[in-house]
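Now for the letters of each chain:
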Amino acid sequence: MGQVKTFLKKVYEIIKRPEMRILPGQLAFFIVVSLIPLIALVATIASKLGLSIEVLSDVLAGAVPSSVIDLLASITMTEDLNFNIIIFFIAGFLLASNGLYSIINTSNQIYRIDQKSEISRRLKAIVMTVILVLLLLFIVIMPILGDLILNMITSNIANQQVINIINNIYRICSYPIMLFLIYFNIKLLYTMAPDTRIDHHSVVPGAVFTTIMWFLSSKIYAFYVEYFSNYNQFYGSISNLLVLLMWVYIISYIFTLGISFNSTGIITETIEMKRIRKDK
């Protein structure tokens, strides 16, 4: 019980820091600016690979409120994205890199690291954007491959009961796989973002925390929006935009909190203290 109180006290001290009042909002702004071109890039590449818009929407549904998906779909997932594709890709990557650039700056401020040159950070943000787009494409393609493998397995089975069991196992496993892929992306961003060498093991606690809280907060907020909020009554046609802004801010705050956990090591310290007490 004492460990829990100590841990919560340290978390409260982190939340009270001045940067926690500023950095999540800054990060949220640039993520909103970069989210649409980022999703547009992924949607365009996916369409070139013959994947439908519905597939991308189904994948996002595991971690994004439905109102946000509807808004992104209405803005980005259109045939107009195929016009002048080279210019679109260049502009899309540059705009999307603003979000990654903000993550780099946020990480440097929390870790108290001296910023590298503007050009260096911009180039790293573009590289991180390319990696993130490829990882998101992998997440989109994974369910397709899973369905193909599942069809290959079940096509050779005559017993319908066995087929149903395999389908149920596949559905149950889809959520852990989605959580792992989100965790992998977050861990990669936490490791690459600071302008110094970061041990990838040191970011595991913050990445686990952010992944779990991302999933839980998205589900809770989606439930609240669907059953309790009155956004449509007050904001009318822009209610989905407000849902997007609020959701991005919540995720940005959790993401920033995860970086702070990694920089202070409070989760690792708590686990280590518990292990030492158990050994005694």
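Scroll up a little and you will see the structure.
Bear in mind that the values here come from a model prediction, so they are computed numbers and not experimental data.

Calculation rules
Residues numbered from 1 in each chain as written. Predicted model: local features only at pLDDT ≥ 70, side-chain atom pairs only at ≥ 80, totals over all residues. Heavy atoms only, no water. Helix = DSSP H or I, 4+ residues; strand = E, 2+ residues; numbered from the N terminus. Expected span 1.5 Å × (residues − 1). Bend = angle between axes of the 7 residues up to and from the residue. Buried < 20%, exposed > 50% of the residue type's maximum accessible area, 1.4 Å probe, protein only. Core = buried A, V, L, I, M, F, W, Y, C linked by side-chain atoms within 4.5 Å. Contact = heavy atoms within 4.5 Å. Axes fitted to C-alpha atoms, helices over the stretch in contact; angles between N-to-C directions. Parallel < 35°, antiparallel > 145°, perpendicular 65-115°, else oblique. Left-handed = near helix turned anticlockwise from the far one by under 90°. Nonpolar A, V, L, I, M, F, W, Y, C, P; charged D, E, K, R; others polar. Phe/Tyr/Trp six-rings, centres within 6.5 Å; stacked < 30°, edge-to-face > 60°.

1. Concerning helix α7 (residues 160-192)
Since the α-helix advances by 3.6 residues per turn, residues separated by three or four positions end up pointing in the same direction. Helix length check: α7 (33 residues) gives 47 Å between terminal C-alpha atoms against 48 Å at 1.5 Å per residue, within 8%. Within α7, the axis deviates most sharply at S174, by approximately 25°, and proline P176 lies no more than four positions further along. Taken residue by residue, α7 has I163, N167, M178, L181, I182, Y183, N185, I186, K187, L189 and Y190 as its buried positions.

2. Details of the nonpolar core
If you look at the biggest cluster of nonpolar residues, it comprises 42 residues, and the most contacted ones within it are L100, I103, V133, I186, Y190, W247 and F255. Among the secondary structure elements, those contributing two or more residues to this core are α2 (18-48), α5 (85-111), α6 (118-154), α7, α8 (204-227) and α10 (239-264). Looking at this core, the element that brings in the most residues is α2, giving nine residues. Here F255 is in contact with L27, I103, I186, L189, Y190 and T210, once residues within four sequence places are set aside. Formed by five residues, the second largest nonpolar core is a distinct cluster that contains V11, I14, M20 and L257.

3. Remarks on the side chain of S102
As for its placement among the helices and strands, S102 is situated in helix α5. If we skip the residues at most four places from it in the chain, S102 touches Q26, L27 and F30.

4. Some words on the packing of α7 against α10
The N-to-C vectors of α7 and α10 enclose an angle of 55°; their axes lie 11 Å apart at closest approach. Judged by the inter-axis angle, α7 sits oblique to α10. For the pair α7 and α10, the crossing hand works out as right-handed. Residues I186, L189 and Y190 of α7 touch α10, and the partners they reach there are I254, F255, G258, I259 and N262. Of the residues in the contact of α7 with α10, the class split is six nonpolar, two polar and no charged.

5. Concerning the packing of aromatic side chains
This structure, assessed with the given rule, holds eight aromatic pairs. Ring geometry for W214 versus W247: centroids 6.3 Å apart, planes at 75°, classification edge-to-face. Taken together, the positions of W214 in helix α8 and W247 in helix α10 put the pair 33 residues apart, joining distant regions of the chain. Neither W214 nor W247 differs from the other in exposure class; each is buried. Centre to centre, the rings of Y221 and Y224 are 6.3 Å apart; their planes meet at 25°, and the pair counts as stacked. Within this pair, Y221 and its partner Y224 are both found in helix α8, separated by three residues, close to a single helical turn. Its relative accessible area of 36% is what places Y224 among the partly exposed residues. Taken together, the ring pairs connect F180, Y183 and F184 into an aromatic cluster.

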